[in-house]
Amino acid sequence: MSTLVIVESPTKARTIRNYLPSGYKVEASMGHVRDLPQSATEIPPAVKGEKWAQLGVNVDADFEPVYVVPKDKKKIVTQLKDALKDVDELILATDEDREGESISWHLYQLLKPKVPTKRMVFHEITQDAIKKALKNCRNIDEQLVRAQETRRILDRLVGYTLSPLLWKKIAWGLSAGRVQSVAVRLLVNKERQRRAFREGTYWDLKASLSKDKTPFVAQLVTLGGTKIANGGDFDPATGQIVALRNVLLLNEDQALALKERLTGKTWNVADIEERPVTRKPAPPFTTSTLQQESNRKLRLSARDTMRIAQNLYEQGYITYMRTDSVHLSDQAIAAARSCVEKLYGQQYLSPQPRQYTTKSKGAQEAHEAIRPAGSTFRTPQETGLGGRELAVYDLIWKRTVACQMADSRQTQISVQLQVEDAGFRSSGKRIDFPGYLRAYVEGSDDPEAALEDQEVILPSLKVGDRPNCTEIEAVGHETQPPARYTEATLVKTLESEGIGRPSTYASIIGTIIDKGYAQLVSNALIPTFTAFAVTDLLEKHFPDIVDPSFTSKMEQTLDDIATGEAKWLPYLQQFYLGDKGLETLVKGQESQIDATKARTVELENLAAKVRIGKYGPYIEVENGDGVVTASIPKDLTPADLDPKQVEVLLRQKTTGPDQVGRHPETGEPIYVKIGAYGPYVQLGDKSEENPKPKQASLPKGITPENVTLEMAVGLLALPRTLGVHPVTGSKIQASLGRFGPYIVHDQGKEGKDYRSLKAADNVLTISLERALELLSEPKKGRSSTNSKSKAALRELGTHPEDDTPVNIYDGPYGPYIKHGKTNASIPEGQSVEDITLAAALELLAAKASTGKSTRKTSKSTSSRAKSTAKSSTAATKKKGTQG
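This is a predicted model, so every value here is computed, not measured. (Residues numbered from 1 in each chain as written. Predicted model: local features only at pLDDT ≥ 70, side-chain atom pairs only at ≥ 80, totals over all residues. Heavy atoms only, no water.)

Trainee: What's the story with the overall build of the protein in this structure? I'm lost.
Mentor: In terms of helices and strands, the protein carries 25 helices and 31 strands. Against the compact-globule benchmark of 29 Å for 883 residues, the protein has a radius of gyration of 31 Å, which places it among compact chains. For the C-alpha atoms alone, the extent of the protein along its principal axes is close to 95 × 80 × 75 Å. The burial tally for the protein puts 50% of its 883 residues in the buried class. Of the contacts made within the protein by residues no fewer than 6 positions apart, 66% connect residues no fewer than 24 positions apart. (Helix = DSSP H or I, 4+ residues; strand = E, 2+ residues; numbered from the N terminus. Rg over C-alpha atoms; globule rule 2.2 N^0.38 Å. Buried < 20%, exposed > 50% of the residue type's maximum accessible area, 1.4 Å probe, protein only. Contact = heavy atoms within 4.5 Å.)

Trainee: What's the story with the confidence of the model for the protein in this structure? I'm lost.
Mentor: Any segment with low pLDDT has predicted coordinates that should not be analysed in fine detail. Scored by pLDDT, the protein has a mean of 88; 91% of the residues are at 70 or more. This stretch, residues 781-789, has a pLDDT under 50; its non-local contacts, to residues over four places away or in other chains, come to 10 contacts. Within the model, pLDDT remains below 50 along residues 852-883, and this stretch shows 39 contacts once partners closer than five positions in the same chain are excluded. (pLDDT = per-residue confidence, 0-100.)

Trainee: Is there a simple way to explain the pattern of salt bridges in this structure?
Mentor: When their charged atoms lie close together, side chains carrying opposite charge are able to pair. Tallied over the full model, the rule gives 46 salt bridges. Ionic pairing is found between Asp465 and Lys211, a salt bridge with its closest N-O pair at 4.0 Å. Here Asp465 is found in the loop between helix 13 (447-454) and strand 13 (468-478), whereas its partner Lys211 is found in strand 7 (residues 201-211), with 254 residues between them in sequence. Lys211 gets classed as buried once you look at its relative accessible area, which sits at 17%. Across the pair Arg388 and Asp304 runs a salt bridge whose closest N-O atoms are separated by 3.4 Å. Pair noted here: Arg388 is in helix 12 (residues 387-402) and Asp304 is in helix 9 (residues 302-314), with a separation of 84 residues, a long-range link. (Salt bridge = Lys/Arg side-chain N within 4 Å of Asp/Glu carboxyl O.)

Trainee: How should the packing of aromatic side chains be read in this particular structure?
Mentor: Working definition: an aromatic ring pair is given by the centre-to-centre distance plus the angle between the planes. Under the defined criterion, the tally for this structure stands at 11 aromatic pairs. One aromatic cluster is present, formed by Tyr344, Tyr348 and Phe433 through successive ring pairs. Its end group placed over the ring of Tyr160, Arg156 keeps NZ or CZ at 3.9 Å from the ring centre. The positively charged end of Arg438 is found above the aromatic ring belonging to Tyr348, 5.2 Å away from the centroid. (Phe/Tyr/Trp six-rings, centres within 6.5 Å; stacked < 30°, edge-to-face > 60°. Lys NZ or Arg CZ within 6 Å of the ring centre and 35° of its normal.)

Trainee: Sorry, what's going on with the side chain of Asn58 here?
Mentor: Checked against the element boundaries, Asn58 lands in strand 3 (residues 57-58). Classification of Asn58 as buried rests on a relative accessible area of 14%. Residues within four places of Asn58 in sequence aside, it is in contact with Trp52, Phe63 and Glu64.

Trainee: For this particular structure, what's the right way to read unusual backbone geometry?
Mentor: Glycine aside, residues mostly have negative phi, and peptide bonds are mostly found in the trans state. Between Leu718 and the following residue, Pro719, the backbone shows a cis peptide bond with an omega angle of 0°. Tracing the backbone through its elements, the reader meets Pro719 in the loop between helix 22 (709-716) and strand 24 (720-724). Unlike most non-glycine residues, Lys112 shows phi in positive territory, near 45°. We classify Lys112 as exposed; its relative accessible area is 58%. If you check the backbone angles, Glu420 has positive phi at about 55° while not being a glycine. Considering the arrangement of structural elements, one finds Glu420 in the loop between strand 11 (408-419) and strand 12 (422-433).

Below, the structure is given as structure tokens:
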């Protein structure tokens, strides 16, 4: 008897094949084989004339979806049909969540098998798990399929109904999404809080003391029995002390006077409090908590985390990575406890096995937390993994093992000190027994180092002691605006609000960045002016769409459809066609929305108008001579745009750029200008004879006001040749690039060796000796590893000509496709998820032919490639974005 098993990916197929008996053939569907039409060309001719055809959903006939096989999946479907011809049984073994259930259902509908068909699910790809799954096959769960289909239709209705409205009223290519738009509003609201923020200033004293030669510090907390004001006492909207708050606000003069008065006076220990604290380990990872911790510790995006976790799962290293559950199987608990006992000893084991329960009502994606696969856990060193795969596995391994370890026992110590009428406090912490902290500390890569960092050792003190004060320092503080969202904090907020599903957060955040609604700067998600304009429009005209509570209720209804507690059709009818339904609202509101107003962002305390233009945001001000406009630099955030910044941008347009002086050699003027990409210096004026004057960007942290003539001349002289390498004889240069200042060792045919400069290094003054020191250090970061050792972002399959892998990797200039020695860039406007094996083969073939052709042919091929990329981008822009 022969059996065909269908899974989603080639990696998963290869891993599962190892655990199946002979007679089993495993093929990959490459994800979904059917979907709603993604472009006008995919709409079937039979329905092309219908008014709902663009939606791909017949809203007039019970929301019947129109499913099509995308062009790039037709060959795969044919291969699967051929594979099915000579087998006696079909097993659909896609992932166990809603999406996987839907893929199995679509495969069944498309392949129409005439042989017995089973549905096989498993939580990990190990021999035991696969054997067990084979014995416990079931039928396709129709309710899960219906829930996924309803979600897909709902996302399509929102995306394809609102996105065209945004194109008409604000800018072409924008998108709205059921979850995406709520997430963007969260970012915008945080930025509004930062704009409204008013800085508060307060002063206090810090004392350096010692007892028995052991130093410690203490902070001023009271004066004359009244509490000293700190940052928590200020209203962020006014910069003033919160009303009715009984605190004493010190200014600089008062703090300095108090310092003088207390210097040389006697200190007394007034009170000591020791409080035992027990800390329990965190539960094992869910999809959401893995994304959060991976972002905090490894600085990985949610999208990268999920790609890496998917790869680890498909290779059999971890259990399924899309899960809301913190539950662990008995097998997993036993494996974790065995690791603890073996590596840390019996005393570090929790007295009883710990079992965790999932608090969220909607938890349904899987039955177990993310953990190392198998009945025994491989340590990170035993896996043979490297790079980011090893880092993510290490994180999962530590968190899982730590959850079965003993509690950490600590003692919090608070010492109250008195000097005249001033009260000071010194806080200490002693770790009496580290427990699970030996293996895992949230936010720290090195648990042992983190243990030392967490302890604050105080000398042995008792009431009545008189410690010696060596120094008193007056310290000024400024309150800080609310912190922007990072990927970790945004994921945490979305989950806590019940918005979307954790398995979709990675793609949602990716879309927000790709669509230009946010920039990721130093791990912070900063909303753009376009995000403000879109959020303003949706808040005014479609408030429910961006209301977190409305979206959360919608999510709950989708969960209820999965369990049969709610009916899908009445819900869709009410949402879209009801008296207050989306279609009704859009038809009624479209004529009410003024496009000029929609493109205008109104900001508090700003007389200038901010508008969204074809080439990005710009400011517009009326003066006596008419309207003056100026582009807003990409690095100028909405929270930082104030009247002073507006004045600087407009002055350049009205009175011309600031001149810092003339070049000492050529006599040409040197200007400081501000462009779309930030401030820069320019040598000479633009003219017919000099259409492209030399320019150089200012280094990070240098503002236009700080630019001197010497600095400008130095920047315009880059790259600087520092000398030659003593070993190779090749030149070494220093320069500025898109990633900041760097040095490069140019070895001709051997290639170029780059190193980024450290914060203390100056690109204008760095010496050859310092450059050689940096070059002697090993390269850091993912770009330093070659693609053979790097983990692939996606494995697309094998090349039909030589059966070798075709993968997508992350390179220094973005993702690219690799087959053998041929690399092909992913076209602009397409994401890693968009690329199929068929599309990759076309791009590789185009690249290979370009490489073999003459220079003239290369240029024409390049032009065609750019034209194709533009067409592809235009086609992509026609799609609404779901999520």
